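Listed below are the residues making up each chain.
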Amino acid sequence: MKSILNYFGHPLLKFPLLAGLATGVLCFLYFLGLYAIGVPALGNIRVLDYGIHIIVMIATVWYYRKHIGQGRLHLWEGLTIGYVLNTIAALVTGWLIYLFVTQIDPGVFAEYVTNSKKLLLEGKKQITDQFGPETFAQQWEKVSTMQPGVLLPDELTKKTALAVLPVLIISLIFRKQDYSIMQ
């Protein structure tokens with residue numbers, strides 16, 4: 001057990017894990033803010049919480065480079081920090097939202113299903129023209145039978161897809177290596 005704790009005590013994992021936890025909580029607070037002001041909390045506007053991910057990634061990579069790497073950061077370290085932080089934040093946010101919609105207010109998820117059906121109906125002509133009526137019927141069935149359990153993998157998938165470019169850019173910007181061995 002001690003070896004496992006030592007493994008996660010390494011700064012390359014410890015800082016992004018803690019930052020990911022904080023980011024997940026901040027994203028959940030953003031969700032609660034949307035809920036409090038009456039905006040559909042599971043709607044498309046919630047994607048803006050990814051800005052929180054980017055800000056915390058930048059701060060974590062900068063902190064790691066300055067205090068742990070003594071001014072140096074390898075590309076792989078930046079990538080590791082970014083992806084670990086992003087994954088933990090998405091998992092924490094997904095679980096907190098899942099607990100909220102199952103334990104506190106199931107109406108949020110019902111509203112999400114209703115809005116998804118409306119969106120699907122608005123695009124019905126386009127979907128049936130491009131893919132056929134059976135594809136629309138499959139999508140309608142999928143949306144109609146959706147359960148809150150879909151929120152966690154959905155959150156993880158969306159955040160992972162959104163992370164690819166920002167993590168790479170942040171890692172490249174903060175990358176600084178020691179090239180003295182090559183001289």
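Since we're looking at a predicted model, the values are computed, not measured. (Residues numbered from 1 in each chain as written. Predicted model: local features only at pLDDT ≥ 70, side-chain atom pairs only at ≥ 80, totals over all residues. Heavy atoms only, no water.)

**Focus on the overall build of the chain**
Heads up, the condition is: Counting from the N terminus, the helices are the DSSP runs of H or I reaching at least four residues and the strands are the DSSP runs of E reaching at least two. Based on C-alpha atoms, the radius of gyration is set beside the globule rule, defined as 2.2 Å times the residue count to the power 0.38. We call a residue buried when its accessible area falls under 20% of the maximum for its residue type, exposed when it is over 50%, and partly exposed in between, using a 1.4 Å probe and counting protein chains only. Surface accessibility in these figures is a Shrake-Rupley result with a 1.4 Å probe; residues are shielded only by whichever protein chains are displayed. A positive count includes Lys and Arg, and a negative count includes Asp and Glu. His and the chain ends are not counted in either. Taken as the charge location is NZ of Lys, CZ of Arg, CG of Asp or CD of Glu.
Of regular secondary structure, the chain possesses 8 helices and 0 strands. If you list the helices and strands of the chain from N to C, you get α-α-α-α-α-α-α-α. Taken over C-alpha atoms, the radius of gyration comes to 20 Å for the chain, far larger than the 16 Å a tight globule of 183 residues would show. Over its C-alpha atoms, taken along the principal directions, the chain stretches across nearly 65 × 40 × 35 Å. Put simply, the chain has 183 residues, and 34% of those count as buried. For the chain, the exposed area adds up to about 11,000 Å²; of that, 67% sits on carbon and sulfur atoms. Looking at charge distribution, the chain has the averaged site of its 15 positive side-chain charges lying 11 Å from that of its 11 negative ones.

**Notes on the pattern of salt bridges**
Close approach of charged atoms allows side chains with opposite charge to pair. As a reminder of what qualifies: Salt bridges are defined as contacts in which a side-chain nitrogen from Lys or Arg sits within 4 Å of a carboxyl oxygen from Asp or Glu.
In this structure the tally under the stated criterion is 3 salt bridges. Linking D49 and K159 is a salt bridge whose minimum nitrogen-to-oxygen distance equals 3.2 Å. A residue pair is termed long-range when its members are at least 10 positions apart, and D49 in the loop between α2 (11-37) and α3 (50-68) and K159 in helix α8 (residues 151-174) qualify at 110 residues. As far as burial versus exposure is concerned, D49 and K159 are alike and both buried. Across the pair K159 and E155 runs a salt bridge whose closest N-O atoms are separated by 2.6 Å. Of this pair, K159 and E155 both sit in helix α8, 4 residues apart, roughly one helical turn. A relative accessible area of 4% means that K159 is categorised as buried. Among the charged side chains, a network of salt bridges with common partners joins D49, E155 and K159.

**Quick notes on the confidence of the model for the chain**
Quick reminder of the rule: Confidence of the predictor at the level of single residues is given by pLDDT, which spans 0 to 100.
Here the chain averages 88 in pLDDT, while 96% of its residues score no lower than 70. Between the elements of the chain, mean pLDDT differs from a low of 75, seen in helix α1 (residues 2-8), to a high of 95, seen in helix α4 (residues 75-104).

**As for the nonpolar core**
What counts, and what does not: To form a nonpolar core, buried Ala, Val, Leu, Ile, Met, Phe, Trp, Tyr and Cys residues must be joined to one another through side-chain atoms within 4.5 Å.
Counting 18 residues, the largest nonpolar core has F31, L42, I97, V101, V108, F109 and L151 as its most contacted members. Broken down by secondary-structure element, the contributors of at least two residues to this core are α2, α4, α5 (107-122) and α7 (133-144). Per-element tally for this core: the top contributor is α5, with 5 residues.

**Focus: the side chain of D49**
The condition is simple: We call two N or O atoms a polar contact when they sit within 3.5 Å, provided that within protein one can donate a hydrogen and the other can accept it, with sequence-adjacent residues counted only if both atoms are side-chain atoms. Any pair of residues with heavy atoms lying within 4.5 Å of one another is described as a contacting pair.
Note on D49: relative accessible area 1%, which makes it buried. Of note is the side chain of D49, whose polar atom sits 3.2 Å from the side chain of K159. Not counting residues within four places of it along the chain, the set of residues in contact with D49 comprises C27, Y30, E155 and K159.

**Some thoughts on the packing of α2 against α3**
What counts is decided by this rule: Comment: axis = line fitted to C-alpha atoms, over the contacting stretch for helices; angle = value between 0 and 180 degrees taken between N-to-C directions. With respect to orientation, any angle under 35 degrees is reported as roughly parallel, any angle over 145 as roughly antiparallel, any angle of 65 to 115 as roughly perpendicular, and every other angle as oblique. Should the near helix be turned anticlockwise from the far one by less than a right angle, the crossing is left-handed, and should it be turned clockwise, the crossing is right-handed. Classification convention: Asp, Glu, Lys, Arg as charged; Ala, Val, Leu, Ile, Met, Phe, Trp, Tyr, Cys, Pro as nonpolar; all other residues, Gly among them, as polar.
The geometry of α2 relative to α3 is characterised by a closest axis approach of 10 Å and an angle of 155° between their N-to-C directions. Classed by the angle they form, the pair α2 and α3 counts as roughly antiparallel. Crossing handedness for the pair α2 and α3: right-handed. Residues P11, L12, F15, P16, A19, T23, L26, C27 and Y30 of α2 form the contact with α3, whose participating residues are I52, H53, V56, T60, Y63, Y64 and I68. For the contact of α2 with α3, the per-class residue count stands at 13 nonpolar, 3 polar and no charged.

**As for the side chain of K159**
Polar side-chain contacts of K159 include one of 2.6 Å to the side chain of E155. Here K159 is in contact with D49, Y50, H53, N86 and A90, once residues within four sequence places are set aside.

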